[in-house]
Amino acid sequence: MKVYFLTLGCRVNQYETDAARRLFLDNGHENVSSPEEADVCIVNTCSVTGEADRKSSQMLRRMAKNNPNAVIVAMGCASELKNGDVAADIVIGTRDKNTVVAKVEDFLAARENKELTHVTSHTRPEVSKTDTYHDFGTVLSPEGTRAFIKIEDGCNNFCTYCVIPYARGRVVSRSEESCISEAEYLVENGFKEIIVSGIHLCSYGMDQGRDITALLDLLKKIDVIEGLERLRLGSLEPKSMTPEFISGLKELKHLCPHFHLSLQSGSDTVLKRMNRKYTTAEYEERVKALRAEFPDMSLTTDIITGFPGETEEEFSETMSYAEKLRFAKIHVFPYSVREGTKAADMPQIDMSVRKERAKRLIELSDRLASEFAVGMTGKPAEVLAEKIEEKDGVLIAEGYTANYIKTYVTLNGGPGICERGSILKGVISGAEDGNCIMQVNT
């Protein structure tokens, strides 16, 4: 059968979609690029914000309307949080996505025999207990240049604004052997960069009674895989950036100096209402420790604007704090009410105020990104070529530096001098709109 996939939300969702795609291919089915030609349309849903939730429902309805004969499958967080009450023929939650092929094949067989019209098959994780990790095995990204490895699922933090612990359940860790096996497989298949990811990455091993050293031990074993050239980390927990952990990161030969430390607010009073479990002083201390070991690192973060009760003074504290820490990029989110969370019962701020504050913070982020890129001028860099195009007779490669700054590289040479996945070495010659520019003679 022909299967179409649509992914909404985070990198973990993208990884799980890639995993599901491979399961279908391994079972003799075909991946197609448009929902209109598909026998099966699969939407990996997201519910992290109200907008993501709305879009998930919209995409499911649109596919059913445009291709009424297709089997519509909803997977993921929105499916989980709605207890399977989703407009789809088959509904699969967050912890049993690896059963999707069997569910679809069984559904089609039953429909052929006119035995059923709907399947709800989600196993909502209980937030009160630890589950087991549902392993997909090795996953090949269709991107072809960088590959993600999911090593962990779930979160135990219960921030007052977040539905993820309710959708994903508590922390469950993938076995170290499985993680390493997948990393080796990816490198053997030509991937030069591996991104280690999870829902709450720094909690890896916590369900097994271990601490942050579990993640560090795993990274050390991936780092020595022959042929690997880059090792990148997903979002990190500020409190986990201990001196010992940072020292261990410094020993990794292939680690990219890009750290995404989720902040959410630069105001201590707002952080307390969010149940973030750290102060701005503690966060800054971790950043200083990282920069001492990785002087050319880029620091990125997430910030929510208009959290319940946020005053203009508290938002000004966030703006000043972001300026002080010199983020290379800020992912900005106007606060979104999520039913079932503690923040949903707090006094709400008008959406127009949330969006206006988001606009101001985005403007600051754009300026900081431009200043960071300009600051890289004259420095040596290595760019992983993800796209190569000819513009006005000149070959231009597009990719990211090790510290994750998008860079456009002019290739001075003839056709075929560079392929996707190549690592280009040179010196940053300039910057424009927060991106870097480099030339390479090959």
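Source: prediction; values computed, not measured.

Draft legend 1. Layout of the overall build of the protein. Assigned secondary structure in the protein consists of twelve helices and 19 strands. Its C-alpha radius of gyration of 22 Å places the protein within 12% of the 22 Å reference for a compact globule of 442 residues. Each of the three principal axes of the protein carries a C-alpha extent, and together these read 70 × 60 × 45 Å. Out of the 442 residues belonging to the protein, those deemed buried represent 54%.

Draft legend 2. Spatial organisation of the pattern of salt bridges. On inspection of all chains with the given rule, the structure shows 33 salt bridges. Of the charged contacts, one joins R146 and E386 as a salt bridge, the two residues approaching to 3.0 Å between their closest N and O atoms. Here R146 is found in strand β7 (residues 146–153), whereas its partner E386 is found in strand β15 (residues 380–391), with 240 residues between them in sequence. Judged by relative accessible area, which is 7%, R146 ranks as buried. Between E323 and R326 there is a salt bridge, and its shortest N-O distance comes to 3.1 Å. In this structure E323 comes out as partly exposed when scored by relative accessible area, which is 28%. Each of the salt bridges in this network shares a partner with another, and the network as a whole consists of E16, K97, K150, D153 and R168.

Draft legend 3. Examining the side chain of D18 more closely. In this structure, D18 sits in helix α1 (residues 11–26). Under the relative-accessibility criterion, D18 is labelled buried at 6%. Polar side-chain contacts of D18 include one of 2.8 Å to the side chain of R21.

Draft legend 4. How the structure looks around unusual backbone geometry. Phi is positive for R326, which is not a glycine, with a value near 55 degrees. Along the polypeptide, R326 turns up in the loop between α11 (312–325) and β14 (329–334). Located in the positive-phi region is D433, a residue other than glycine, with phi close to 55 degrees. The residue D433 is located in the loop between β18 (423–432) and β19 (435–441) in this model. Given a relative accessible area of 68%, D433 falls into the exposed group.

Cut-offs used in this document
- Once a new chain begins, its residue numbering starts again from 1 and follows that chain's sequence as written.
- Local features in a predicted model are, by the rule used here, given only for residues with pLDDT of at least 70; side-chain atom pairs are given and counted only at 80 or more, and totals for whole chains, interfaces and linings are based on all residues.
- Processing note: side-chain calculations cover all non-hydrogen atoms of the structure and skip hydrogens and water entirely.
- Runs of E in the DSSP output that reach at least two residues are strands. Runs of H or I that reach at least four are helices, and both are numbered from the N terminus.
- Computation of the radius of gyration draws on C-alpha atoms, with the globule rule given as 2.2 Å multiplied by the number of residues to the power 0.38.
- Burial classes follow relative accessibility: with a 1.4 Å probe on protein chains only, a residue under 20% of its type's maximum area counts as buried, one over 50% as exposed, and anything between as partly exposed.
- Each reported salt bridge corresponds to a side-chain nitrogen of Lys or Arg within 4 Å of a carboxyl oxygen of Asp or Glu.
- In protein, a polar contact means a hydrogen-donor-capable atom and an acceptor-capable atom, both N or O and within 3.5 Å, with residues adjacent in sequence counting only if both atoms are side-chain atoms; elsewhere, any N or O pair within 3.5 Å suffices.

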